[in-house]
Amino acid sequence: MKNDKILLDHGSGGKIANQLIADIMLPAFNNPFLAQLNDGAILNLKSGRLAFSTDSYVVDPIFFPGGNIGDLAVNGTVNDIAMCGAVPQYLSAGFIIEEGFLIKDLEKIISAMSVAAKKADVLIVTGDTKVVPKGAADKIFINTSGIGIIPDNIHIAGDMAQPGDQILLSGTIADHGVTILSQREGLAFESPIESDSAPLNHMVRDMLAASIDIHVLRDPTRGGVGTTLNEIAAQSQVGIRISENSIPVKKPVAGLCELLGLDPLYVANEGKLLAFVKKDHAEKVLRPMRKNPLGKDACIIGDVVSDHPGMVIMKTPIGGERIVDMLTGEQLPRIC
């Protein structure tokens, strides 16, 4: 490709637009469905229930320790499908690119998406590219949609939490949000902080193989663990009790949150999950989680109760309790 920057012509649908697709998109996402270059992908799916999800990614900065906007977009949609108990199969990818964006940066992003899709064992089968005039967007925005197949014996939803369930968390919280914030502010640490962006579908597969008595799965992205727990408490009309001492936070992450007055409970994650599991199955589910590198720090952080429905109560390190409210505003805009 002769140009080193994105031009408005790259979004025209003409020769230069087709060249962008042929030179960058198709080699990275090559598969028989995409290669047909139809207006949509024609897919052969098993009969049964499907999970379908879509999300848009506008993160700033677009490159950060542990990933970039490309693999974040793939992992995010893969995880949303997996949280339905589904096996992710196919993704779409839509790009809104600002005129003047560097081709070499687009190639890095596309390459990261290709690697992420292979790790998650999904195919990117259709997509779209639009180029807008300089100043009409901030570098690049990506939308990904995806579908997955839900096995017949799996029934997972936000309104299925039951009193007696134990709440499992797959690892340390707030890594992604703090990484993005530190990059924006030019902050450096003795111990490196990286985004936790990762596909969780393989870990979910192993969890469900250990037990189908998982009632709720959720990845606590925007709004963090605190907001996600409130959403589930409201959907299921149950109370939730958690222990602050049980929630793992890396020291550098906790330190920056304290410095800036942020509560780690409300900072975004991109590679963690919460699982609500029948009490006598919790340890069975924890074992495969801890065998997976993405769940090596998995732990039980609390349980579901019939008291105070719709509320989340947290036991503090000094023995007191506080209400964990729903986040009412955006602590860190453009982190996903």
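A brief look at the structure comes next.

Reading the values: rules and limits
Residues numbered from 1 in each chain as written. Predicted model: local features only at pLDDT ≥ 70, side-chain atom pairs only at ≥ 80, totals over all residues. Heavy atoms only, no water. Salt bridge = Lys/Arg side-chain N within 4 Å of Asp/Glu carboxyl O. Buried < 20%, exposed > 50% of the residue type's maximum accessible area, 1.4 Å probe, protein only. Helix = DSSP H or I, 4+ residues; strand = E, 2+ residues; numbered from the N terminus. Contact = heavy atoms within 4.5 Å. Pairing = 2+ DSSP bridges. Axes fitted to C-alpha atoms, helices over the stretch in contact; angles between N-to-C directions. Phe/Tyr/Trp six-rings, centres within 6.5 Å; stacked < 30°, edge-to-face > 60°. Lys NZ or Arg CZ within 6 Å of the ring centre and 35° of its normal.

As for the pattern of salt bridges
Reasoning step 1: Applying the stated criterion to the full structure yields 13 salt bridges.
Reasoning step 2: A salt bridge links K139 to D138, with the shortest nitrogen-to-oxygen separation between them at 2.7 Å.
Reasoning step 3: Since its relative accessible area comes to 26%, K139 is described here as partly exposed.
Reasoning step 4: Between D175 and K250 there is a salt bridge whose closest N-O contact spans 3.6 Å. One end of the pair, D175, is in helix α5 (residues 175-185); the other, K250, is in the loop between β9 (239-243) and α8 (251-260), and 75 residues separate them in sequence.
Reasoning step 5: Overall, K250 belongs to the partly exposed group, its relative accessible area being 40%.
Reasoning step 6: Linked by salt bridges that have partners in common, D60, D138, K139 and R334 make up one network.

Quick word on the environment of P220
Reasoning step 1: With respect to the helices and strands, P220 occurs in the loop between β8 (214-218) and α7 (224-236).
Reasoning step 2: For P220, a relative accessible area of 1% corresponds to the buried category.
Reasoning step 3: In this structure, the C-alpha to C-alpha distance between P220 and P151, residues 69 residues apart in sequence, is 23 Å.
Reasoning step 4: Those residues within four positions of P220 in sequence are excluded, and the remaining contacts are V225, T228, A268, N269, K272, L273 and L274.

Some thoughts on the sheet that holds strand β5 (residues 123-132)
Reasoning step 1: What the four strands build is an open sheet, ordered β1-β6-β4-β5; its pairing is mixed. Both outer strands of the open sheet, β1 (49-57) and β5, are each paired with one neighbouring strand and no more. Averaged over all neighbouring strand pairs, the angle between strand axes comes to 10°, with direction disregarded.
Reasoning step 2: Note that strand β4 (residues 87-98) and β5 share nine bridges and pair parallel. The partner of G94 across the bridge, within β5, is D128.
Reasoning step 3: This element, helix α3 (residues 69-82), spans β1, β4, β5 and β6 (140-150) of the sheet and lies at about 30° to β6.

Section: the packing of aromatic side chains
Reasoning step 1: Counting across every chain of the model gives one aromatic pair.
Reasoning step 2: Ring geometry for F33 against Y90: centres 5.3 Å apart, planes inclined by 70°, an arrangement best described as edge-to-face. One end of the pair, F33, is in helix α2 (residues 32-35); the other, Y90, is in strand β4, with 57 residues separating them in the sequence.
Reasoning step 3: Given the relative accessible area of 19%, F33 is considered buried.
Reasoning step 4: One Lys or Arg, K108, reaches over the ring of F63 and ends 5.7 Å from the middle of that ring.

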